[in-house]
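Observations on chain architecture
Listed below are the residues making up each chain.
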Amino acid sequence: MKPSRLRKALSHAKLVGLISVKRWEALAVEIGLTDKDRNAVRNTPSLIEHRISRTRLLREVLDEHGSAIAMVADIVAFLEQHGMAVRTTSDVATLPGIEELKPQQRKLLSHWNTASRRRWKRDQDVEMLWREASNALDRLLESSGDRPHSRCKLRRGTSLYRYDQPDSTYHEFEVGLLRQQIERIENALPDPLDDELLKEIACKCSAISTELDELAKAQESGQHPTEGYEEEIEKVTILVERITLTGDLLDSATGIADLLAVSVFRNLPQLYEAWLLCFILATLERVGYPVVLDQVRPVKGNQVWNLRYAGAKQPVAMVGANAWIFFQYKAASHPTMPDFAIFDNPSANGKALAVFDAKFSELHGYSMSDYVGTLEKYKDLGGRVLVLEYETRDRLKFRPRIVFSVRPTGAGLTRLKSELFGIFVTEQAPAIAVIDQSTSFRPFLPKALRYILAGAKAKRLGDQYILFGSEAVAKTGLIKAIRSREIENTTPGGTTLAPLRRTLNAIQSASVRPTLLLATDGEFEDGTLSGFREQAEVIWVLEPGDLD
């Protein structure tokens, strides 16, 4: 999105519409609304415009839709890694202090900052909002210290009076809080200050800062705050939002996101499908498969990845040398259209290697029979058919091909990675299990061995395996060694990569590098996993986080 296409900050009415009825009713009580009818506020947003900031409303939205932020961040990171531009037609809203930005997000959004600074304009409410914010600043200033009045006091043993001037004190919490509010306002002001009201705001902020500097020369009172000054902070926030319109992007390395494509919440199922596609490709790329994006077109000087949301007949990516990923695939000889299909050829001839269908059952509208029906619908396409559900659905029973909680940091990601391992590692070319024997990995070893045993039974792991710690030893008889607890009974030690490198060099073919399943916590004494990747064609890593 170009800066010239920036829109005004989203209205309170639109944000209220993103909050559930139950959550809104609780919020209405909190801000003192007698009428809790959400539709009344959506029709007449002036009912709440001076009671609550957009920022606070967005926090409420994020409490209900927080994973959307993580999905957008993952998509942006993946696309930027492949040199793709990100396009959006979404509304932009102010969001200070919610989410830490990653470098690629700051790069994507930073040009919005300059444009928003130029777009300040006076409206009929801004002067009134400044008066309310100014009063809030005055209350904070009054609470920032004690300036006792001088008193006449009788001198001992005389009939003379003298003036007694008690020492002033300041309250550290209130002074710090007031400085923060002044800084927020000053950062929001455009440059140059070509409006009399803006000059007045800047002048008062400067005067308060000077007074705080003088006050801080006094003795700190040590007094603990008795309130959080939420009302004063909210008045300042409302003013800052109105001045900046679209917010101010902080430029520090740990900058805070203040921009959010809020309309993404209206299209969460589509966002989820795009995130799943990027997550699958990023996972395969991370283990070592080259990923080449297809359907890439130049748009206004940028490379843009074009994804069709219906009836696609061409692959959107090639993975390695023998796998092509189709998104919203429509088979020529089949009436169904799964979200994802993986074939061993770019024309989608023959049976699929795998078929995935994404479900976003936010209202838990799908029953188990619906999920099973989806599996049945796609089984004729061949390969491994999976249903990937965003929601946790704890009340539904486990089914092998139905994976719940497939979402950022969700428990289902481990199962999805396991399924990808089973798809891309074949019986004809099984992986070698490499098992960490260190003391630090010992608590995770039993679960790791159960995972490895399942892979060996499915013939995705060969009979040969390697145990490594202070030394590295190649052995055979993987299934027997696990069942007899021979591996678990091995004495733990340190973890070094040098012996493992020597062992791999001794057993691997001169022409074919092996595929490894490395069960480890990644704590090595002589290097890192990233420096070890040249030892194998592909390295799947089984980490403690995958074993919860």
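The structure this text deals with has already been given above.
Here the structure is a predicted model, which is why all the values come from computation and not from measurement.

Along the chain, the position of Glu174 falls in helix α8 (residues 172–188). Its relative accessible area of 2% is what places Glu174 among the buried residues. The contacts of Glu174, once residues within four sequence positions are left out, are Ser143, Ser144, Pro225 and Tyr229.

Quick look at the nonpolar core now. Among the nonpolar cores identified, the biggest contains 71 residues, and Tyr272, Leu281, Trp305, Phe356, Phe424, Ile452 and Trp540 are the most heavily contacted of them. Considering each element in turn, this core owes the most residues, 14 residues, to helix α11 (residues 268–287). Once residues lying within four places of it in the same chain are set aside, the contact partners of Trp305 are Phe78, Leu79, Met84, Leu277, Cys278, Leu281, Leu293, Asp294, Gln295, Val296 and Val316. Ranked by size, the runner-up nonpolar core spans 29 residues in total, among them Trp130, Tyr170, Ile208 and Leu212.

Moving on, we get to helix α16 (residues 498–507). Among all positions in α16, only Pro499, Leu500, Thr503 and Leu504 are buried. Looking straight down α16, one finds its buried side chains confined to an arc of 135°; they lie on one side. Opposite the buried face of α16, at more than 90 degrees from it, the exposed residues are Arg502 and Ala506. Check the buried side of α16 and you find it contacts β17 (431–436), β18 (461–468), β19 (472–476) and β20 (515–519).

Take the pattern of salt bridges next. Taken as a whole and judged by the stated rule, the model has 18 salt bridges. The closest approach of N and O atoms between Arg485 and Glu488, which form a salt bridge, is 3.3 Å. According to the relative accessible area criterion, Glu488 is partly exposed, its value standing at 22%. The salt bridge involving Arg513 is made with Glu537; its shortest N-O contact spans 3.5 Å. In this pair, Arg513 is assigned in the loop between α16 and β20 and Glu537 in the loop between β20 and β21 (538–542), connecting sequence segments 24 residues apart. Owing to a relative accessible area of 37%, Arg513 belongs among the partly exposed residues under this scheme. Three or more residues joined by partner-sharing salt bridges are found here, namely Glu127, Arg131 and Glu200.

The next subject is the side chain of Thr520. Inspection of the secondary structure puts Thr520 in the loop between β20 and β21. Only 3.0 Å separates the side chain of Thr520 from the backbone nitrogen of Gly522, close enough to count as a polar contact. With sequence-adjacent residues up to four places away left out, Thr520 is seen in contact with Asp436, Phe441, Phe468, Val541, Leu542, Glu543 and Pro544.

Analysis parameters
Residues numbered from 1 in each chain as written. Predicted model: local features only at pLDDT ≥ 70, side-chain atom pairs only at ≥ 80, totals over all residues. Heavy atoms only, no water. Helix = DSSP H or I, 4+ residues; strand = E, 2+ residues; numbered from the N terminus. Buried < 20%, exposed > 50% of the residue type's maximum accessible area, 1.4 Å probe, protein only. Contact = heavy atoms within 4.5 Å. Core = buried A, V, L, I, M, F, W, Y, C linked by side-chain atoms within 4.5 Å. Arc of directions from axis to C-beta. Salt bridge = Lys/Arg side-chain N within 4 Å of Asp/Glu carboxyl O. Polar contact = N/O pair within 3.5 Å; in protein donor to acceptor, adjacent residues only side chain to side chain.

Limitation: the analysis is restricted to geometry and does not speak to function.
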